[in-house]
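Structural characterization, general
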Amino acid sequence: MTEGVQTSPAFTPRVFSGIQPSGGLTLGNYLGALKRFADSQNKGVESIFCMVDMHAITVWQDPDALRRQTRELTAGFIASGVDPEKSILFNQSQVSAHAELAWIFNCVARMGWMQRMTQWKDKAGKNQQNASLGLFAYPALMAADILVYHATEVPVGEDQKQHLELTRDIAIKFNNDFGVDFFPITEPKIEGAATRVMSLRDGSKKMSKSDPSDMSRINMTDDADTIANKIRKARTDPDALPSEAKGLEDRPEARNLVNIYAALSDMTVDQVLTDVGGKQFSEFKPMLSDLAVEKLSPISMEMARLMEHPDEIDAILRRGAERARAIANPIIERTFEIVGMIR
Ligand code: TYM
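Predicted model, so just to flag it, every value in this text is computed and none were measured. (Residues numbered from 1 in each chain as written. Predicted model: local features only at pLDDT ≥ 70, side-chain atom pairs only at ≥ 80, totals over all residues. Heavy atoms only, no water.)

**Regarding the overall build of the protein**
Across its full length, the protein holds 13 helices and 5 strands. In terms of overall size, the protein behaves like a compact globule, its C-alpha atoms giving a radius of gyration of 21 Å where 343 residues would be expected to give roughly 20 Å. In terms of its C-alpha atoms, the protein occupies a principal-axis envelope of roughly 70 × 45 × 45 Å. Counting every position in the protein, which comprises 343 residues, the buried fraction comes to 51%. Surface exposure of the protein reaches about 16,000 Å², of which carbon and sulfur atoms provide 50%. (Helix = DSSP H or I, 4+ residues; strand = E, 2+ residues; numbered from the N terminus. Rg over C-alpha atoms; globule rule 2.2 N^0.38 Å. Buried < 20%, exposed > 50% of the residue type's maximum accessible area, 1.4 Å probe, protein only. Areas by Shrake-Rupley, 256 points an atom, 1.4 Å probe, with all protein chains shown as cover.)

Here it is in structure tokens:
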């Protein structure tokens, strides 16, 4: 839909991304998002990261669980290297400009655009009439999250690509409708070896916190034995590993484990295969589980430590929200003026 449209060079680089506090974090969230957030922050680009609690309630959330999950997600960000001093870390509902801009975007986006969203079709399933209106409008809120900061870059996993294309379409339509060049055309950043971490039980399905089988995923809170057991039982094929990436083309389960290894070790897939090509899974799986434990254990331990101080987490979120409002409020004010609202 928006192919060929360039980002607007007039906007200063700013990174925004969000994660839903809707349950445990998985290795997919870590490799596709969290790990890369810390990288972008460390490159010195102004970075804003959000616990999207308003997105989470598009499906039912128990209130106490939502509070705990929001704190745990915040702890996950910090334990993964996001520094709440350098980056802005907050929860969405504390910055009302998200909801305000989302309403305007609900009036810009078209029903047909939303109906084409594969995530809507997957999540609503056969019973669309019974899904919440919020679940249908979800991508307009996501566009608002990004554009209320005039963010130019959005690091995400592959599954968010369609939502980011819609964000570009909303920005373009708003700019055209009102004859302005106000919202940037945001660049999706879907990069690295693990933009789509797959289920350990089925190489054709995404690793997801909502999969009924806990064996299909590695949770960020899993202990060393659990991680090793899940990798040992991960589905594979009987062949040895190839020595170049093209040998993985029709081997989704093998490709997934190699991608995970590459992302955890900051290597390319080809570099990994130069080292492990010719090995059997009986040899490669213990290497992968040692690496996963080495990288993930310090994170889960730090998350547990941070969770002992929920008041400190809440203070970090409040302070982050204040800093976020300082950026978002002038942008939402200007948006209301452009639309013709008296202020
Ligand atoms: P969510 O909460 O489902 O996932 C958070 C991030 O993790 C990535 N991810 C994965 N990456 C690789 N492999 C996987 N198996 C995997 N599973 C999840 C997701 O791509 C995402 O980057 N709609 C978003 C949240 C959101 C958002 C935003 C993101 C709301 N507003 C604005 C960016 C900008 C979502 O549901 O992500």
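There is more to say after this.
**Let's talk about the layout of surface pockets**
Empty space within the largest pocket amounts to approximately 1,200 Å³. If you go around the largest pocket, you meet 41 residues; those closest to its centre are Gln-20, Gln-119, Asp-159, Gln-160 and Lys-206. Elements that contribute at least two residues to the lining of the largest pocket include exactly strand 1 (14-19), helix 1 (27-42), helix 6 (118-124), helix 7 (133-147) and helix 8 (161-178). Per-element tally for the lining of the largest pocket: the top contributor is helix 1, with 5 residues. In terms of residue class, the lining of the largest pocket is built from 14 nonpolar, 18 polar and 9 charged. Its volume calculated, the second largest pocket comes out at about 430 Å³. (1 Å grid on protein atoms, 1.4 Å probe; cavity = no way out; pocket = protein on both sides within 12 Å on 5 of 7 lines; lining within 4 Å. Points joined across faces, edges and corners; volume = space filled by probe spheres on them. Nonpolar A, V, L, I, M, F, W, Y, C, P; charged D, E, K, R; others polar.)

**What to know about the nonpolar core**
Core analysis: the biggest nonpolar cluster contains 52 residues, and Leu-27, Tyr-30, Leu-31, Phe-77, Leu-264, Phe-284 and Leu-296 have the highest contact counts within it. Broken down by element, the residue count for this core peaks at 9 residues, all from helix 12 (residues 281-307). Not counting residues within four places of it along the chain, the set of residues in contact with Phe-284 comprises Leu-241, Leu-257, Val-258, Tyr-261 and Val-276. Formed by 50 residues, the second largest nonpolar core is a distinct cluster that contains Phe-90, Phe-105, Leu-141 and Ile-327. (Core = buried A, V, L, I, M, F, W, Y, C linked by side-chain atoms within 4.5 Å. Contact = heavy atoms within 4.5 Å.)

**Quick word on the packing of helix 1 against helix 10 (residues 252-265)**
In the contact formed by helix 1 and helix 10, the axes pass within 11 Å of each other and the chain directions differ by 45°. Between helix 1 and helix 10, the interaxial angle falls into the category oblique. Considering only the axes of helix 1 and helix 10, their crossing is left-handed. Facing Leu-27, Tyr-30, Leu-31 and Lys-35 of helix 1, the residues of helix 10 in contact are Ile-260, Ala-263 and Leu-264. (Axes fitted to C-alpha atoms, helices over the stretch in contact; angles between N-to-C directions. Parallel < 35°, antiparallel > 145°, perpendicular 65-115°, else oblique. Left-handed = near helix turned anticlockwise from the far one by under 90°.)

**What to know about the domain arrangement of the protein**
By the assigned domains, the protein splits into domain 1 (14-195 + 309-339) and domain 2 (214-305). Across the boundary between the two partners, domain 1 contributes 14 residues, which contact 16 residues of domain 2. Ranking the residues of domain 1 by area buried against domain 2 places Leu-27, Ala-79 and Ala-193 at the top, with a combined share of 38%. Counting across the interface, domain 1 meets domain 2 through 1 salt bridge. Breaking the side of domain 1 that touches domain 2 down by element, the ones donating at least two residues are helix 1 and helix 3 (63-79). (Domains from an automatic or database assignment. Buried area = accessible area lost by both parts, 1.4 Å probe. Salt bridge = Lys/Arg side-chain N within 4 Å of Asp/Glu carboxyl O.)

**Some remarks on the site of the ligand**
For the ligand, the set of nearby residues contains 26 residues, the closest of which are Gln-20, Tyr-138, Asp-145, Asp-159 and Val-197. In the environment of the ligand, an oxygen atom lies 2.8 Å from a nitrogen or oxygen atom belonging to the backbone of Gly-157. Val-197 places a polar main-chain atom, nitrogen or oxygen, 2.8 Å from a nitrogen atom of the ligand. In isolation the ligand offers 720 Å² of accessible surface; the protein chains occlude 97% of this area. Under a 2 Å grid-point criterion requiring more than half of the atoms, the pocket assigned to the ligand is the largest pocket. Broken down by secondary-structure element, the contributors of at least two residues to the shell around the ligand are strand 1, helix 1 and helix 7. Grouping the amino acids of the shell around the ligand by side-chain chemistry returns 12 nonpolar, 10 polar and 4 charged. (Near = heavy atom within 4 Å. Polar contact = N/O pair within 3.5 Å; in protein donor to acceptor, adjacent residues only side chain to side chain. Sits in = over half its atoms within 2 Å of the grid points.)

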